[in-house]
Amino acid sequence: MSPMPISLNDYFMFLLFGGILTVVVVMIPVQINSKLSRLRRKRTRATCRICGYRFLRPENKSIFPCPHCGVNNKL
């Protein structure tokens, strides 16, 4: 069996579609992981509505003070 010869145009089409497929296969899991980690971070972190200080928020509390300026923040 001799290999089937492909034209230069077919080679570049395979190369193009292989690159596109590689980007899709890599980017979709990366985007899903990024979204999930952002959601996890949003549940555990808070930003003060007055001074903008970012801090870990206490669990099971709907109102919590900012450790930087002392203003009460809500969820």
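My aim in this report is to walk through the structure given alongside it, one point at a time. This structure is a prediction, so every number in the text was calculated from the model and none was measured.

With that settled, the discussion passes to the overall build of the protein chain. Along the backbone of the protein chain there are one helix and four strands. Along its sequence from the N terminus, the protein chain presents helices and strands in the succession α-β-β-β-β. For the protein chain, the spread of C-alpha atoms along the three principal axes comes to 75 × 25 × 15 Å. Counting all 75 residues of the protein chain, 8% fall into the buried class. Carbon together with sulfur atoms contributes 64% to the accessible area of the protein chain, which is approximately 6900 Å² in total.

In this section: the state of the cysteines. Applying the stated criterion across every chain yields a total of zero disulfides. Cysteine 66 forms no disulfide, and the closest cysteine sulfur to it belongs to cysteine 48, at a distance of 3.8 Å.

Time to look at the packing of aromatic side chains. Each pair of aromatic rings is reported with the distance of its centres and the angle of its planes. According to the stated counting rule, one finds three aromatic pairs in the structure shown. Aromatic side chains phenylalanine 55 and phenylalanine 64 sit 6.0 Å apart centroid to centroid with 75 degrees between the ring planes, which places their arrangement in the edge-to-face category. For the pair phenylalanine 55 and phenylalanine 64, one class covers both residues: buried.

Before going further, it helps to spend a moment on the side chain of asparagine 73. With respect to the element layout, asparagine 73 can be found in strand β4 (residues 72-74). Within the local environment of asparagine 73, its side chain forms a polar contact with the backbone nitrogen of arginine 49, the two atoms lying 3.1 Å apart. Polar contacts involving the side chain of asparagine 73 include one to the main-chain carbonyl oxygen of valine 71, which spans 3.2 Å. Every residue in contact with asparagine 73, bar those within four places of it in the chain, is listed here: Thr47, Cys48, Arg49, Phe55, Ser62, Ile63, Phe64, Pro65 and Cys66.

Once that is clear, we can look at the environment of serine 37. Assignment of secondary structure puts serine 37 in helix α1 (residues 8-44). Note: C-alpha distance between serine 37 and asparagine 60 (23 residues apart in sequence) is 20 Å.

This part takes up a positive patch on the surface. On the surface, Lys35, Arg38, Arg41, Lys42 and Arg45 cluster together into a positively charged patch. Ranked by residues supplied to the positive patch, first place goes to α1 with four residues. Mapped onto the secondary structure, arginine 45 falls in strand β1 (residues 45-47).

If a residue is not glycine, its phi is most likely negative; likewise, a peptide bond is most likely trans. Even without a glycine there, the phi angle at asparagine 60 is positive, about 60 degrees. Within the secondary structure, asparagine 60 sits in the loop between β2 (54-56) and β3 (63-65). Classification of asparagine 60 as exposed rests on a relative accessible area of 81%.

About the thresholds
Residues numbered from 1 in each chain as written. Predicted model: local features only at pLDDT ≥ 70, side-chain atom pairs only at ≥ 80, totals over all residues. Heavy atoms only, no water. Helix = DSSP H or I, 4+ residues; strand = E, 2+ residues; numbered from the N terminus. Buried < 20%, exposed > 50% of the residue type's maximum accessible area, 1.4 Å probe, protein only. Areas by Shrake-Rupley, 256 points an atom, 1.4 Å probe, with all protein chains shown as cover. Disulfide = S-S within 2.5 Å. Phe/Tyr/Trp six-rings, centres within 6.5 Å; stacked < 30°, edge-to-face > 60°. Polar contact = N/O pair within 3.5 Å; in protein donor to acceptor, adjacent residues only side chain to side chain. Contact = heavy atoms within 4.5 Å. Patch = residues over 30% accessible without salt bridge, like charges linked within 9 Å, V, L, I, M, F, W, Y side chains within 5 Å. Salt bridge = Lys/Arg side-chain N within 4 Å of Asp/Glu carboxyl O. Lys, Arg positive; Asp, Glu negative; His and termini not counted. Charge placed at Lys NZ, Arg CZ, Asp CG, Glu CD.

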